[in-house]
Amino acid sequence: MDPSKEIILYHYSFSPYARRIVWYLNLRRIPYKQCIQPPTMPRPDISAIGTAYRRIPLLSIGRDIYLDTRLILHKLTLLYPPSPTHPSPDHKTIQKLLEHYTIDAGMFNRASALIPSNTPLLLDPKFTSDREDYSGRSWSKENVERARPEALVEVKGMFEFFEGSVLGDGRVWVLGGEEGEGPGLVDVEAVWLFSWLKGLKGALPPEYISAQQFPKTFKWIERFDGVVLAAMKRNGPAQKISGAEALNAVGSGEWAEEEASVDEMDPSGLRKGEVIELWPIDSGFSRRDRGRLVGLSTSEVVIEGRTEDGKEVRIHAPRHGFRVRRPKESEKL
Ligand SMILES: N[C@@H](CCC(=O)N[C@@H](CS)C(=O)NCC(=O)O)C(=O)O
């Protein structure tokens, strides 16, 4: 790895979103370091590199900081095109549709509603009040239990869709292929919620959702988990670094990519160089990033930021799922 463009993943191990990135990096043999974060706020290592974003994971490459797994996966695919060193059997169209299905169509929210209400974390008021700030909804025991039946029905529908349609002809991976070829990004997009729920004790009632009813889907999850485990063994664990080390690497890093441009035709009317705010609109919306606009397109918004020790960074967010606007007059600093 070029030390000036070091990849650092900020995450905690039980985040299903972070696993999308961990798996992808390992399957494609892309070296990275990890800066482990606490499961709840505050996260001073992250604010130190210049962003108010609270969701996990987050990735820095040199002094570029990428928010949201959708943009992270997209950037990694661009920065590491398929090659013998970084193999990748990918299919953009299906991958994009699966990304919308698992994230935007609400499957993640349904899956997270299956975390059993007696899980130690859900009994910890520090955790539940943190997640209320993140999601804007109540995480009380009653609410968690009330949401469960409907979520179970939706999740069973997801199993049925995979068992009958996606994997219905007995294929090994979502796009077919041979077992030895390994899974692609498409499988990562498809499997992460299944794999999470399968490993989450008490999430799936066996009389309703199990390998008996969904043999192909369960086999595919096990196949995928096995390949990822083997890849992680082969690559060895990513080096863990402290927040101070991560801050130093970001501040002394190179730009991972050239400065983007601002689309003059963008209906927002925003112009390069003006101060704007950006924040996610589906969760983690109470915290906003503010900085000079550097890049704006249909796929991405980029602003300038500063690390806590004054080094310039660029913060990249996907356009989809984020709001971008001029700060209101009353809110200007
Ligand atoms: N759309 C985001 C969602 C990320 C997300 O919701 N991550 C969860 C962890 S799995 C999170 O940030 N939870 C609240 C927290 O950890 O503060 C992405 O694709 O990265």
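Note that the structure is a prediction, hence the values are computed from the model and not measured. (Residues numbered from 1 in each chain as written. Predicted model: local features only at pLDDT ≥ 70, side-chain atom pairs only at ≥ 80, totals over all residues. Heavy atoms only, no water.)

What about the UniProt feature "domain: GST N-terminal" (unreviewed entry) in the protein?
1) Next: Residues given the UniProt feature "domain: GST N-terminal" (unreviewed entry) here are residues 9-83.
2) Next: Between the end C-alpha atoms of residues 9-83 there is a gap of 22 Å, over a span that is 37% helix and 20% strand. (UniProt positions renumbered as here; feature names shortened; annotations may be inferred. Helix = DSSP H or I, 4+ residues; strand = E, 2+ residues; numbered from the N terminus.)

Details of the site of the ligand
1) Next: Taken together, 13 residues surround the ligand, and among them Tyr 12, Arg 54, Ile 56, Thr 69 and Tyr 134 come closest.
2) Next: One of the side-chain N or O atoms of Tyr 12 is found 2.6 Å from an oxygen atom in the ligand.
3) Next: The side chain of Arg 55 places a nitrogen or oxygen atom 3.5 Å from a nitrogen atom of the ligand.
4) Next: Burial of the ligand by the surrounding chains reaches 97%, relative to a free accessible area of 500 Å².
5) Next: Every element with two or more residues in the shell around the ligand is listed here: helix H1 (16-27), helix H3 (69-79) and helix H6 (125-135).
6) Next: Across the shell around the ligand, the residue classes tally to five nonpolar, two polar and six charged. (Near = heavy atom within 4 Å. Polar contact = N/O pair within 3.5 Å; in protein donor to acceptor, adjacent residues only side chain to side chain. Areas by Shrake-Rupley, 256 points an atom, 1.4 Å probe, with all protein chains shown as cover. Nonpolar A, V, L, I, M, F, W, Y, C, P; charged D, E, K, R; others polar.)

Some words on the sheet that holds strand E5 (residues 239-240)
1) Next: One open sheet accounts for ten strands, arranged E5-E2-E1-E3-E4-E9-E8-E7-E6-E10; its pairing is mixed. Looking at which strands have only one partner, the edges of the open sheet turn out to be E5 and strand E10 (322-325).
2) Next: By the bridge criterion, four bridges tie strand E6 (residues 275-280) to E10 in an arrangement that is antiparallel. Paired with Leu 278 across the strands is Val 324, a residue of E10.
3) Next: Across the sheet, helix H10 (residues 243-251) is in contact with strand E1 (7-11), strand E2 (33-36), strand E3 (58-61) and strand E9 (312-318); its angle to E1 comes to roughly 140°. (Pairing = 2+ DSSP bridges. Contact = heavy atoms within 4.5 Å. Axes fitted to C-alpha atoms, helices over the stretch in contact; angles between N-to-C directions.)

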